[in-house]
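# Commentary on secondary and tertiary structure
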Amino acid sequence: MAGTEGGDTNRKFDVIAGQARWLAELVEASLGGGATDAVVPTDVVEVAARGVERARATADCEIELVGDTVAYASARPVALSRALACVLDNAVRAAGEDGHVRVGVHQDPHGVHLSVVDDGPGLGKISSRTSLGLTTTRAMVASCGGSFDIHGGSGGGVEADIRLTPSGLRSVAS
């Protein structure tokens, strides 16, 4: 272990144990409640619109919402909102003050896609905060019975896609 030469070994273990407790509390705070709300037919466009509105309040970049005007999926609304917030936070930081983030909601025969695309520098090229954002996102989306994928965008930046099971209600294109 780096930096273990000399010094008080018990104090170092106490620091490590404290960091482990902090990490456990952070994960619980992120995931708690979101995974226990019920899976219900959820208006993904409404969740996306609220997420975009919250992100715009503090973002320096442009954020737009595009796609279907109505798209329902089976999801846990709190979990889906938290997953979107994690993805949007990463996208806004990556895009920077002159950048652009596009949030899209589209329904196809395979489900509802909630995508977030930024024009930032690309995967792994911005500093991470806690490195738990994508782990939290995957857990929240999985609790909805959905899947999450992230990859480099065709023109740079990053594209994140949350896929959810349709609830049986129809999508209406804008």
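Residues numbered from 1 in each chain as written. Predicted model: local features only at pLDDT ≥ 70, side-chain atom pairs only at ≥ 80, totals over all residues. Heavy atoms only, no water.

### A short note on the packing of helix H2 (residues 44-56) against helix H3 (residues 77-95)
Keep this limit in mind: For helices, the fitted line uses only the C-alpha atoms of the stretch in contact; every axis is such a line through C-alpha atoms, and the angle between N-to-C directions lies from 0 to 180 degrees. We count a stretch as a helix when DSSP gives it H or I for four or more residues in a row; a strand needs E for two or more, and each element gets its number in order from the N terminus. Should an angle lie under 35 degrees it is considered roughly parallel, over 145 roughly antiparallel, and from 65 to 115 roughly perpendicular; all remaining angles are considered oblique. Throughout, a crossing is termed right-handed when the near helix is turned clockwise from the far one, and left-handed when it is turned anticlockwise from it by less than a right angle. Throughout, a contact is declared for two residues whenever any of their heavy atoms are within 4.5 Å. Polar here means any residue other than Ala, Val, Leu, Ile, Met, Phe, Trp, Tyr, Cys and Pro, which are nonpolar, and Asp, Glu, Lys and Arg, which are charged; Gly is therefore polar.
Taken N-terminus to C-terminus, the directions of H2 and H3 make an angle of 45 degrees; their axes are 10 Å apart at the nearest point. Accordingly, the angle class assigned to the pair H2 and H3 is oblique. With respect to the hand of their crossing, H2 and H3 are arranged in right-handed fashion. Across from Val44, Val47, Ala48, Arg50, Gly51, Val52, Arg54 and Ala55 in H2, the residues of H3 making contact are Leu80, Ser81, Leu84 and Leu88. Partitioning the contact of H2 with H3 into residue classes produces eight nonpolar, two polar and two charged.

### Some details on the pattern of salt bridges
Operational definition: Whenever Lys or Arg places a side-chain nitrogen within 4 Å of a carboxyl oxygen from Asp or Glu, that contact is recorded as a salt bridge. Summary of the burial criterion: residues with accessible area below 20% of their type's maximum are buried, those above 50% are exposed, and those between are partly exposed, where the area comes from a 1.4 Å probe applied to protein chains only.
One pass over the full model with this rule turns up three salt bridges. Between aspartate 89 and arginine 93 there is a salt bridge; the shortest N-O distance is 3.6 Å. Here aspartate 89 pairs with arginine 93, and both are found in helix H3, just four residues apart, close to one helical turn. On the accessibility criterion, arginine 93 (24% relative accessible area) is partly exposed. Between aspartate 161 and arginine 163 there is a salt bridge; the shortest N-O distance is 2.9 Å. What makes aspartate 161 buried here is its relative accessible area of 11%. Judged by relative accessible area, which is 28%, arginine 163 ranks as partly exposed.

### As for the confidence of the model for the protein
Threshold: Values of pLDDT, ranging from 0 to 100, describe the predictor's confidence in every residue of the model.
Here the protein shows a mean pLDDT of 82. Residues at 70 or above account for 75%. The element-level mean pLDDT for the protein is lowest in helix H1 (residues 9-31), coming to 66, with strand E2 (residues 62-67) highest at 97. Low pLDDT (under 50) marks residues 169-174, which in the prediction has 15 contacts with non-local residues, meaning those over four places away or in another chain.

### Some thoughts on the nonpolar core
Worth spelling out the cut-off: Definition used in this section: a nonpolar core is a set of buried Ala, Val, Leu, Ile, Met, Phe, Trp, Tyr and Cys residues joined via side-chain atoms within 4.5 Å.
With 34 residues, the main nonpolar core has Ile63, Leu80, Val101, Val103 and Leu114 as its most contacted residues. At nine residues, the largest contribution of residues to this core is made by H3. Beyond its immediate chain neighbours, meaning those up to four positions away, leucine 114 contacts Val44, Ala48, Leu80, Leu84, Val103, Gly104, Val105, Ala160, Asp161 and Ile162.

### What about the layout of surface pockets?
The condition that has to hold: Whether a set of points on the 1 Å grid over the protein atoms alone is a cavity depends on a 1.4 Å probe fitting there but being unable to get out, while an open set qualifies as a pocket with protein on both sides within 12 Å along at least five of seven lines; lining residues are those with an atom within 4 Å of a point. Grid points are joined across faces, edges and corners, and a volume is the space filled by probe spheres set on the points.
What the second largest pocket holds in volume is close to 170 Å³. Taken together, ten residues make up the lining of the second largest pocket; nearest its centre are Ala55, Thr58, Leu88, Asp89 and Val92. Contributing elements (two or more residues each) for the lining of the second largest pocket: H2 and H3. Counting residues per element, the lining of the second largest pocket draws most heavily on H3, at five residues. For the lining of the second largest pocket, the residue count by class is four nonpolar, two polar and four charged.

### Re the sheet that holds strand E6 (residues 147-152)
The condition is simple: Strand pairing is defined by DSSP finding a minimum of two bridges between the two strands.
Strand order in the open sheet made by the five strands is E2-E4-E5-E7-E6, with mixed pairing throughout. If you trace the sheet from one side to the other, it starts and ends with E2 and E6, each paired once. Taken pair by pair, the neighbouring strands of this sheet meet at an average axis angle of 15 degrees, ignoring direction. The pairing of strand E4 (residues 100-108) with strand E5 (residues 111-118) spans eight bridges and is antiparallel.

### Things to note about the environment of aspartate 43
Heads up, the rule is: Polar contacts, as counted here, are pairs of nitrogen or oxygen atoms within 3.5 Å of one another; within protein the pair requires one atom able to donate a hydrogen and one able to accept it, and residues that are adjacent in sequence qualify only if both atoms are side-chain atoms.
Inspection of the secondary structure assignment puts aspartate 43 in strand E1 (residues 40-43). Residue class for aspartate 43 comes out buried when judged on its relative accessible area of 17%. Each C-alpha atom of the pair aspartate 43 and serine 74 lies 8.9 Å from the other, and the pair is 31 residues apart in sequence. Ignoring anything within four residues of it in the chain, the contact list for aspartate 43 reads Ala71 and Tyr72. Within the local environment of aspartate 43, its side chain forms a polar contact with the backbone nitrogen of valine 45, the two atoms lying 3.1 Å apart. Polar side-chain contacts of aspartate 43 include one of 3.1 Å to the backbone nitrogen of glutamate 46.

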